[in-house]
Amino acid sequence: MKVSDFEYQLPPELIAQQPCPRRDHSRLLILEKSGGSVGHRHFYDLPDLLGADDLLVFNDTKVLPARLRGRKVTGGKLEVLLVTPLDQWTWSCLAKPAKGARPGTRLEFAQGLVGQVVEAGAAGLCTISFSTPGLPFLEMIDQVGEMPLPPYIHEKPADPERYQTVYAAAPGAVAAPTAGLHFTPEIMDRLKEKGVEMAFVTLHVGLGTFRPVTEEKVEDHVMHREYYSISQKTADQVNRARGQGRRLVAVGTTSVRVLETAGRGGVLSPGSGWTDIFIYPGYTFSLVDALITNFHLPRSTLLMLVSALAGREQVLAAYREAVAGEYRFFSFGDAMLII
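The model shown is predicted, which means the values in this text are computed figures rather than measured ones.

J.: Describe the overall build of the protein, naming the residues involved and giving the relevant values.
T.: Tallying secondary structure elements over the protein gives seven helices and 17 strands in all. By the compact-globule yardstick of 20 Å for 339 residues, the protein fits well, its C-alpha radius of gyration being 20 Å. Considering only C-alpha atoms, the protein reaches an extent of 65 × 40 × 40 Å along its principal axes. Burial status across the protein gives 55% buried among its 339 residues. When contacts within the protein are restricted to residue pairs at least 6 apart in sequence, those whose partners lie at least 24 apart make up 71%.

J.: Which residues make up the sheet that holds strand 6 (residues 77-85), and what values go with them?
T.: As summarised here, the arrangement of the six strands in space is 5-6-7-10-9-8, forming a closed barrel in which the pairing is antiparallel. In this sheet, adjacent strand axes meet at a mean angle of 45° when their direction is disregarded.

J.: Kindly report on unusual backbone geometry, identifying the contributing residues and their values.
T.: Lys96 connects to Pro97 through a cis peptide bond whose omega is 0°. Tracing the chain through its elements places Pro97 in the loop between strand 7 (90-96) and strand 8 (106-108). For Ala123, which is not a glycine, the phi torsion comes out positive at approximately 55°. Positionally, Ala123 belongs in the loop between strand 9 (114-120) and strand 10 (125-131).

J.: I'd like to hear about the environment of Leu302, residue by residue, with values.
T.: Take Leu302: it is sitting in helix 6 (residues 301-310). Each C-alpha atom of the pair Leu302 and Tyr280 lies 8.7 Å from the other, and the pair is 22 residues apart in sequence. Excluding its chain neighbours within four sequence positions, the residues that come into contact with Leu302 are Thr209, Thr253 and His296.

J.: So what about the pattern of salt bridges? Which residues, and what values?
T.: This model, assessed by the stated rule, comprises 11 salt bridges. Two residues, Arg247 and Asp54, come together in a salt bridge whose shortest N-O distance is 2.7 Å. Taken together, the positions of Arg247 in the loop between helix 4 (232-243) and strand 14 (248-251) and Asp54 in the loop between helix 1 (46-49) and strand 3 (55-59) put the pair 193 residues apart, joining distant regions of the chain. Under the relative-accessibility criterion, Asp54 is labelled buried at 4%.

J.: Tell me what's going on with the side chain of Thr165, and back it up with residues and numbers.
T.: Mapped onto the fold, Thr165 is located in the loop between helix 2 (137-144) and strand 11 (170-173). In terms of polar contacts, Thr165 uses its side chain to reach the backbone amide nitrogen of Ala168, at 3.1 Å. When near neighbours in sequence (up to four residues on either side) are disregarded, Thr165 contacts Arg23, Thr61, Pro177, Gly180 and Leu181.

J.: Residue-level account of the nonpolar core, with values.
T.: Leu259 and Phe329 are the most contacted members of the largest nonpolar core, which has 66 residues in total. When residues of this core are assigned to their parent elements, the largest contribution, seven residues, is made by helix 6.

J.: Tell me about the pairing of strand 3, residues and numbers included.
T.: Burial runs high along strand 3: five of the five residues are buried. Residues of strand 3 alternate between two faces, with Leu55, Val57 and Asn59 on one and Leu56 and Phe58 on the opposite face, all of them buried. Where strand 3 meets strand 12 (residues 197-203), five bridges bridge the pair, whose relative direction is parallel. Within strand 12, the residue paired with Phe58 across the bridge is Phe200. Relative to strand 14, strand 3 is paired through three bridges, and the arrangement is parallel. Across the sheet, the residue bridging to Leu55 is Leu248, located in strand 14.

J.: So what about the sheet that holds strand 14? Which residues, and what values?
T.: Pairing is mixed across the open sheet formed by nine strands, whose spatial order is 2-1-17-16-14-3-12-13-15. Both edges of this open sheet fall to strand 2 (38-42) and strand 15 (271-275), since each of them pairs with a single strand only. Direction aside, neighbouring strands of the sheet carry axes that sit 25° apart on average. Strand direction decides the pairing type here: strand 1 (residues 27-31) and strand 17 (residues 335-338), joined by four bridges, are parallel. Among the inter-strand pairings, Ile30 is bridged to a residue of strand 17, identified as Leu337. Along the sheet face, helix 3 (residues 185-194) touches strand 3 and strand 12 and points at about 130° away from the line of strand 12. Along the sheet face, helix 6 touches strand 1, strand 16 (290-294) and strand 17 and points at about 150° away from the line of strand 16.

Cut-off values and rules
- Residues numbered from 1 in each chain as written.
- Predicted model: local features only at pLDDT ≥ 70, side-chain atom pairs only at ≥ 80, totals over all residues.
- Heavy atoms only, no water.
- Helix = DSSP H or I, 4+ residues; strand = E, 2+ residues; numbered from the N terminus.
- Rg over C-alpha atoms; globule rule 2.2 N^0.38 Å.
- Buried < 20%, exposed > 50% of the residue type's maximum accessible area, 1.4 Å probe, protein only.
- Contact = heavy atoms within 4.5 Å.
- Pairing = 2+ DSSP bridges.
- Axes fitted to C-alpha atoms, helices over the stretch in contact; angles between N-to-C directions.
- Salt bridge = Lys/Arg side-chain N within 4 Å of Asp/Glu carboxyl O.
- Polar contact = N/O pair within 3.5 Å; in protein donor to acceptor, adjacent residues only side chain to side chain.
- Core = buried A, V, L, I, M, F, W, Y, C linked by side-chain atoms within 4.5 Å.

Now the structure itself:
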């Protein structure tokens with residue numbers, strides 16, 4: 001399978017630079033897996049489009065203010081992006097400029113936060129050990145860090161919380177699970193009133209989600225790892241719904257990755273760990289029946305995952321219709337419901 005099979009043409013002006021003024025007023029394209037028919041609604045219509053027996057599974061990860069602006073004690077600025085925690089105080093990071101992060105380099109940030117480069121790798125990747133003046137590390141970066149944004153967003157949102165879901169609870173992501181950005185407390189209340197059940201998993205979205213696929217063959221791509229966690233309560237909810245023949249609707253590709261990692265064989269297991277699951281056409285889904293998702297980059301692993309669920313040709317046809325209808329694309333863009 002060729003990566004070029006997942007190409008489509010997107011005018012740059014359709015890449016959303018700011019979120020919709022109201023979360024649930026984003027447009028919603030509906031794609032039916034059986035037959036490929038396409039409909040057009042708004043996200044606030046979602047409760048009318050789901051059944052009372054559906055189980056929605058959300059990713060409750062919370063985006064860290066992972067961008068830190070510092071200065072070397074010898075002079076010179078250095079920007080650090082937290083990528084993966086190695087322990088409570090040590091993180092794998094990306095440094096900019098890359099040549100500034102040499103082993104032994106001491107860094108000073110705002111409010112007394114300091115760091116030291118322990119190890120340096122290629123392309124700015126490095127390991128930094130941090131220390132703080134009496135505060136836990138995550139509390140400190142809440143004060144001094146900035147919200148990271150995807151590389152295709154060039155404007156800072158007026159409200160940084162718009163790059164956070166309203167149900168975010170578990171800090172650890174460096175990118176948002178963007179399908180969840182459309183939900184509001186009012187939408188969730190309407191879903192509950194209808195009887196739609198909700199469950200939560202955690203997957204800390206990493207920078208690898210933006211990593212381009214450079215190989216020519218899809219099968220040659222090596223997937224990035226992301227940390228996930230599933231509670232006993234959620235496992236019980238999912239397994240009960242499957243046993244009752246109810247539809248399982250994943251909110252976002254990150255929720256799909258968790259469910260399909262820990263649910264192979266059709267039974268979801270509680271626990272935590274790392275997943276590098278790569279889902280592309282030909283994959284047989286164990287748990288997920290339907291999906292709420294945003295529109296994804298051409299040639300991306302996320303577009304491949306969506307194509308595995310709904311069929312490549314149908315998905316690309318729906319994308320062409322979305323482009324023609326001037327839908328807004330990517331993280332701050334509109335949404336799609338695959339049923």
